[in-house]
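Chain residues, written in single-letter form:
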Amino acid sequence: MTRKYFGTDGVRGTVGEAPITPDFVMRLGYAAGKVLARKATGGGRPTVLIGKDTRVSGYMLESALEAGLSSAGVDVLLVGPMPTPGVAYLTRALRLSAGIVISASHNPYQDNGIKFFSADGNKLADATESAIEAALDQPLKCKSSAGLGKARRMDDAAGRYIEFCKSTFPANLDLHGLRIAVDCAHGAGYHIAPHVFHELGAEVVTVGAAPDGFNINKGVGATHAESLQRAVRRAKADVGIALDGDGDRLIMADARGRIYDGDELLYVIAAHRKKARTLRGGVVGTQMTNLAMAQALAKLKIPFARAKVGDRYVLELLHGRGWQIGGENSGHLICLDQHTTGDAIVSALQVLQALIAADKTLDQAVDFKLYPQELVNVRFAGGSARDIVAAAPVQKAVAASERILGNDGRVLLRPSGTEPVIRVMVEGKVKKTVSACAAAIARAVSAAA
């Protein structure tokens, strides 16, 4: 599907620049409302839940969405700051028509975005996104006063989501005796995550839980591992947990402050489920999943498949295969037996469950080492990225590197979907060799561009 406004994860951009402007977002709310009204059954009025992260622009965009939706005859339920997976859960639990998240995830506060969940807590189908984009090109015709939607605030949303997160942890286990450092990235999980781990019995040391509208993801959270490392060492914590701004990305640290990425955490979950005989099928990663992790899964006889980069594509492949767990090395982890979407808090609980059941620390549970991985971005001025990648000198350089790396290495050339850049990724056992191969391929790509 060719999208004019929607990317792989909703609509996103810099606040004040198209499309993240109040007039466009109001029209987006109206267009979504019109589509949802057509899908409403039984003559009832559709209801949409709106959550947001802690960016200052969230107030403005929330009001614009509310105006657009209500003008289309849609009722609105406002929950304020709420992690993206929390919106997905509440939408499904409350039997609503859709959920909307105002967030730019791990981006700085200057950015924001709008993403949608369907009534069942999944991302919108392509056909629904197409219908919304088509409706955006139509004039905005406000309902008469009798047909306008109403808006109200939901006071117990945080408590409901906290209880849901706790319900994904086995009732016969608890976190007593553990000191956990939790970095909330000054984001949507600041009033959720600490309570979840504390109420399950842990002693919680909280970092990044004082949002001011401007500090989301600023030097804290899953994209700034040094914050979690400092917190773990300072608090002498047993384990550290870091979320990103909208609470769907996870990294963790052990007692020494060593960081574990999404590949390693996914392995811990998969290995535990394999041993407990609760693993259904295999594991889905992406083109960027570390080869060492894939090889470690193979040793456990766990099937592995790669999807395109993006949690949307991981989800598609999971559904297609009938499998339950997958994720990205960036920390988007999905456990479909627990939730419909990636959830940092729920994923952290799955990792902790595995550690407690095996009586292991993180460094003991991750019994393999990630291969060095080098990524080089090569810009090109014109022409087709596909033609550049297919050029004979480029393919020759790739083949030469693959011979050098052998079975313990991998080369991936991936055109960016948003800018004129070809991403050259090389991984293997020896860092010096990986760097040399990446540089050689990047030179060939640059020469062919």
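The structure this text deals with has already been given above.
A brief structural summary. Per chain, residue numbering runs from 1 following the sequence as it is written. Where totals are concerned, whole chains, interfaces and linings use all residues; where local detail is concerned, this predicted model gives features only for residues with pLDDT of at least 70, and gives and counts side-chain atom pairs only at 80 or more. Excluding hydrogens and water, the side-chain figures rest on all heavy atoms present in the structure.

### Quick look at the nonpolar core
Point 1. Among the nonpolar cores identified, the biggest contains 66 residues, and Phe197, Ile345 and Leu352 are the most heavily contacted of them.
Point 2. The dominant element in this core, judged by the number of residues it contributes, is helix H11 (residues 344-358), at 9 residues.
Point 3. Whether two residues touch is decided by their heavy atoms; if any such pair falls within 4.5 Å, the residues are in contact. Beyond its immediate chain neighbours, meaning those up to four positions away, Phe197 contacts Leu175, Ile180, Val182, Ala202, Val204, Ile241, Ile345, Ala348, Leu349 and Leu352.
Point 4. Buried residues of nine kinds, namely Ala, Val, Leu, Ile, Met, Phe, Trp, Tyr and Cys, make up a nonpolar core once their side-chain atoms join them within 4.5 Å. For every residue, the accessible area obtained with a 1.4 Å probe (protein chains only) is divided by the maximum for its type, and the residue is called buried under 20%, exposed over 50%, and partly exposed between those limits. Counting residues in each nonpolar core, the second largest holds 28 residues, with Val25, Leu61, Val74 and Val76 among its members. Every helix listed is a DSSP run of H or I at least four residues long, and every strand listed is a run of E at least two residues long, numbered separately from the N terminus.

### Details of the layout of surface pockets
Point 1. Estimates place the volume of the largest pocket at around 1,400 Å³.
Point 2. Residues belonging to the lining of the largest pocket are distributed by class as follows: 7 nonpolar, 18 polar and 13 charged.
Point 3. Only protein atoms enter the 1 Å grid used here, on which a cavity is any set of points holding a 1.4 Å probe that cannot leave and a pocket is any open set flanked by protein within 12 Å on both sides along at least five of seven lines; residues with an atom within 4 Å of a point are listed as lining. Grid points are joined across faces, edges and corners, and a volume is the space filled by probe spheres set on the points. Its boundaries defined by the atoms lining it, the second largest pocket holds a volume of some 310 Å³.
Point 4. Along the walls of the second largest pocket sit 16 residues, with Ala271, His272, Lys275, Ala358 and Lys360 positioned nearest its centre.
Point 5. Of all the elements in the fold, those that place two or more residues in the lining of the second largest pocket are helix H8 (262-276), H11 and helix H12 (362-365).
Point 6. If you tally residues by element for the lining of the second largest pocket, the top one is H8, at 7 residues.
Point 7. Under the scheme applied here, ten amino acids are nonpolar (Ala, Val, Leu, Ile, Met, Phe, Trp, Tyr, Cys and Pro), four are charged (Asp, Glu, Lys and Arg), and all others, including Gly, are polar. Taken together, the residues of the lining of the second largest pocket sort by class into 10 nonpolar, 2 polar and 4 charged.

### Focus: the sheet that holds strand E16 (residues 373-379)
Point 1. Two strands qualify as a pair provided that DSSP identifies no fewer than 2 bridges between them. Read across the open sheet, the 3 strands follow the order E16-E18-E17; overall the sheet is antiparallel. At either margin of the open sheet sits one strand with a lone partner, and together these are E16 and strand E17 (409-415). Adjacent strand axes in the sheet meet at a mean angle of 15° when their direction is disregarded.
Point 2. Strand direction decides the pairing type here: E16 and strand E18 (residues 421-428), joined by 7 bridges, are antiparallel. Pairing of Leu375 across the sheet is with Met425, part of E18.
Point 3. Whenever a helix is involved, its axis is fitted only over the stretch in contact; in every case the axis is a line through C-alpha atoms, and angles between N-to-C directions fall within 0 to 180 degrees. Across the sheet, helix H14 (residues 392-405) is in contact with E17 and E18; its angle to E17 comes to roughly 155°.
Point 4. Each of E16, E17 and E18 touches helix H15 (residues 431-448); the most contacted strand, E18, lies at about 155° to it.

### Structural notes on empty space enclosed by the protein
Point 1. This model, assessed by the stated rule, comprises 3 cavities of 30 Å³ or more.
Point 2. Volume-wise, the largest cavity comes out at about 60 Å³.
Point 3. Considering the residues around the largest cavity, the lining is formed by Asp9, Gly10, Lys115, Phe116, Phe117, Lys123, Leu124, Glu129 and Arg312.
Point 4. The element contributing the most residues to the lining of the largest cavity is strand E5 (residues 111-118), with 3 residues.
Point 5. Here the residues of the lining of the largest cavity are counted per class, giving 3 nonpolar, 1 polar and 5 charged.

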